[in-house]
Amino acid sequence: MQSEYMHWAKTQSATRYNLSSSEVPHFRLDRLNLTIEDLDLDGASHPRYLPLRQSIASQYSFDPEGVVAADGTSMANFLAMAALIAPGDEVIFEQPAYEPMLSAAEFLGADIKRVARSPATDFRFDIDQLKAIVSERTRLIVLANLHNPSGALTSEADLQEIGSIAEGADAHVLVDEVYLDSAVPPQPTSALLGPRFVVTNSLTKVYGLSGLRCGWILADPGLARRMWRLNDLFGVNQAHQAERLACFAFAHLDEISAGTAERLRANRAMFNRFVAERDDIDCMTAEHGITVFPRWAGRDSEALDALLRSKYDASVVPGRWFELPEHFRVGLGGDTGLLVEGLARLGAALDELR
Ligand SMILES: Cc1ncc(COP(=O)(O)O)c(C=O)c1O
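Residues numbered from 1 in each chain as written. Predicted model: local features only at pLDDT ≥ 70, side-chain atom pairs only at ≥ 80, totals over all residues. Heavy atoms only, no water.

A few words now on the overall build of the protein. Within the protein, the regular secondary structure consists of 12 helices and 14 strands. Relative to the compact-globule value of 20 Å for 354 residues, the protein shows a C-alpha radius of gyration of 20 Å, a close match. By its C-alpha atoms, the protein is 60 × 55 × 35 Å across when sized along the principal axes. Counting only residues that meet the buried cut, the protein has 54% of its 354 residues in that class. When contacts within the protein are restricted to residue pairs at least 6 apart in sequence, long-range pairs at least 24 apart make up 73% of them. Summed over all atoms, the accessible surface of the protein reaches about 15,100 Å², with 51% contributed by carbon and sulfur. Put simply, the protein has 33 plus and 49 minus side-chain charges, and the middle of one group is 2 Å from the middle of the other. (Helix = DSSP H or I, 4+ residues; strand = E, 2+ residues; numbered from the N terminus. Rg over C-alpha atoms; globule rule 2.2 N^0.38 Å. Buried < 20%, exposed > 50% of the residue type's maximum accessible area, 1.4 Å probe, protein only. Contact = heavy atoms within 4.5 Å. Areas by Shrake-Rupley, 256 points an atom, 1.4 Å probe, with all protein chains shown as cover. Lys, Arg positive; Asp, Glu negative; His and termini not counted. Charge placed at Lys NZ, Arg CZ, Asp CG, Glu CD.)

Attention now goes to the sheet that holds strand β14 (residues 328-331). Sheet architecture is open: 3 strands sit in the order β10-β14-β13, paired in antiparallel fashion. Lying at the two open borders of the sheet, with one neighbouring strand each, are β10 (291-292) and β13 (317-318). (Pairing = 2+ DSSP bridges.)

Attention now goes to the site of the ligand. Near the ligand, the surroundings consist of 13 residues, among which Ser74, Asn148, Asp176, Ser202 and Arg213 are the closest. In the environment of the ligand, an oxygen atom lies 2.5 Å from a nitrogen or oxygen atom belonging to the side chain of Ser74. Between an oxygen atom of the ligand and a side-chain N or O atom of Thr204, the distance comes to 3.0 Å. The fraction of the free accessible surface of the ligand (400 Å²) that becomes covered by protein chains is 94%. (Near = heavy atom within 4 Å. Polar contact = N/O pair within 3.5 Å; in protein donor to acceptor, adjacent residues only side chain to side chain.)

Residue placement: Met75 occurs in helix α3 (residues 72-84). A relative accessible area of 24% places Met75 in the partly exposed class. In this structure, the C-alpha to C-alpha distance between Met75 and Gly151, residues 76 residues apart in sequence, is 22 Å. If sequence neighbours within four positions are ignored, Met75 has contacts with Ala70 and Phe234.

What follows is about the state of the cysteines. Here the structure, examined in full by the defined rule, presents 0 disulfides. Free cysteine Cys247: the closest other cysteine sulfur is in Cys214, separated by 8.1 Å. (Disulfide = S-S within 2.5 Å.)

So, on to the side chain of Glu99. Tracing the chain through its elements places Glu99 in helix α4 (residues 99-107). Notably, Glu99 is buried but unbridged: the nearest opposite-charge side chain belongs to Arg320, and the N-O separation is 9.7 Å. A distance of 2.5 Å separates polar atoms of two side chains, one belonging to Glu99 and the other to Ser3. At 3.5 Å, the side chain of Glu99 and the backbone nitrogen of Glu4 are in polar contact. When neighbours within four sequence positions are excluded, Glu99 is seen to be in contact with Gln2, Ser3, Glu4, Tyr5, Met6 and Trp321. (Salt bridge = Lys/Arg side-chain N within 4 Å of Asp/Glu carboxyl O.)

What follows concerns the pattern of salt bridges. All told, the structure shown has 22 salt bridges when counted by the stated rule. Between Arg137 and Asp111 there is a salt bridge, and its shortest N-O distance comes to 2.8 Å. Separated by 26 residues along the polypeptide, Arg137 in the loop between α5 (127-133) and β5 (138-144) and Asp111 in strand β4 (residues 111-116) bring together distant segments of the chain. Of the charged contacts in the structure, one is a salt bridge between Arg354 and Asp279, with a shortest N-O distance of 2.9 Å. Placement of the pair is Arg354 in the segment after α12 (336-352) and Asp279 in the loop between α10 (260-276) and β9 (281-282), with a sequence separation of 75 residues. Under the relative-accessibility criterion, Arg354 is labelled exposed at 59%. Given the relative accessible area of 65%, Asp279 is considered exposed. One network of salt bridges, with partners in common, ties together Arg278, Asp279, Asp280, Asp351 and Arg354.

So, about the packing of aromatic side chains. If you walk through the whole model with that rule in mind, you get 12 aromatic pairs. Measuring from centroid to centroid gives 5.9 Å for Phe78 and Phe107, while their planes differ by 50°, and the two rings are tilted. Of this pair, Phe78 sits in helix α3 while Phe107 sits in helix α4, and the two are 29 residues apart along the sequence. According to the relative accessible area criterion, Phe78 is buried, its value standing at 17%. In textbook terms, an aromatic cluster arises when at least three aromatic residues are bridged by ring pairs, as seen for Tyr5, Trp8, Tyr98, Phe123, Phe293, Trp321 and Phe322. (Phe/Tyr/Trp six-rings, centres within 6.5 Å; stacked < 30°, edge-to-face > 60°.)

Formed by 85 residues in total, the largest nonpolar core has its most connected members in Met81, Leu203 and Met227. By residue number, the principal contributor to this core is α3, which donates 8 residues. Setting aside chain neighbours within four positions, we find Leu203 in contact with Gly208, Leu209, Ser210, Leu212, Cys214, Trp216, Ala249, Phe250 and Leu253. (Core = buried A, V, L, I, M, F, W, Y, C linked by side-chain atoms within 4.5 Å.)

Structurally, His172 can be placed in strand β6 (residues 172-176). A residue is classified by how much of its surface remains accessible, and His172, at 18% relative accessible area, is buried. Spatially, the C-alpha atoms of His172 and Val142 are 8.6 Å apart, while their sequence positions differ by 30 residues. Those residues within four positions of His172 in sequence are excluded, and the remaining contacts are Leu84, Arg139, Leu140, Ile141, Ala166, Pro195, Arg196, Val198 and Leu223.

Okay, here's the thing in structure tokens:
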């Protein structure tokens, strides 16, 4: 078992006008007043580094006993699913979905069913379809909010409805919120909607700290304890310096995220204008998030990405990685100047392939 998408993403050569990234630019730690004492290895993480759990919990007014640390949202997703899924359990996933999450569920032996998010309904999670396919074998319903790749926001009312459907089946809802802090206006975590909800997140996409691998799970404390115990099989503890750096980052989160919301707003507006001026792509209006997922009139976007890489020093993510080959994903997190040029190059490549 492996993640084909992750392998592809890691083995592509870098491009200057990178529209394939789904995160904001890396934050430079030398902008903060950090000393080597801040990274002391004393007081290592046994059994669960409380200051970090408290830092995470205080972001959400959540119980620190319900916080589980993990290496990135990736490991948080794996750990959460490993605690919630037994081989043969039915798991309902959104479609399109973030492939490594889907592959992780397959690795755990889940019997996977899908709920559509259709471009025709702006990638809204189809609750009627969920109602039609949920069964007494359903143990977990999985979605990302904001959705990757489209950036669609799932409303609190829809989340509550998904929660009551899960309740009826005695299942949980796993919500990957790695992009949620780029919603407009800011949205509360669905972990506050009740014990059926399990939420994963990290300081990667929206905060530019992906190298830190600070991820977490928010869950009911009983479930969180099971996840901690399960983590004894995987990595036992996080690297303690990373835990300390993460606490430092939480204490400076305003500074770290300064300017991000404004840049994303400007970049989304620029992308929306780009779409309005073209007749060969269409896309729901970018309102939230870091990624958008336009449709390219009837064409396989693999060819578009290949041309961008070979001739324009630019890149997008071909839609085949999200099961919709006529679409492609564009990341809007980068520097605005680079995005202007990146979109110009994307336009030139689309013209060339017309
Ligand atoms: C929905 C989703 N979850 C998780 C991840 C991985 O996040 P992290 O870098 O925190 O492991 C990604 C990365 O693209 C993602 O899109």
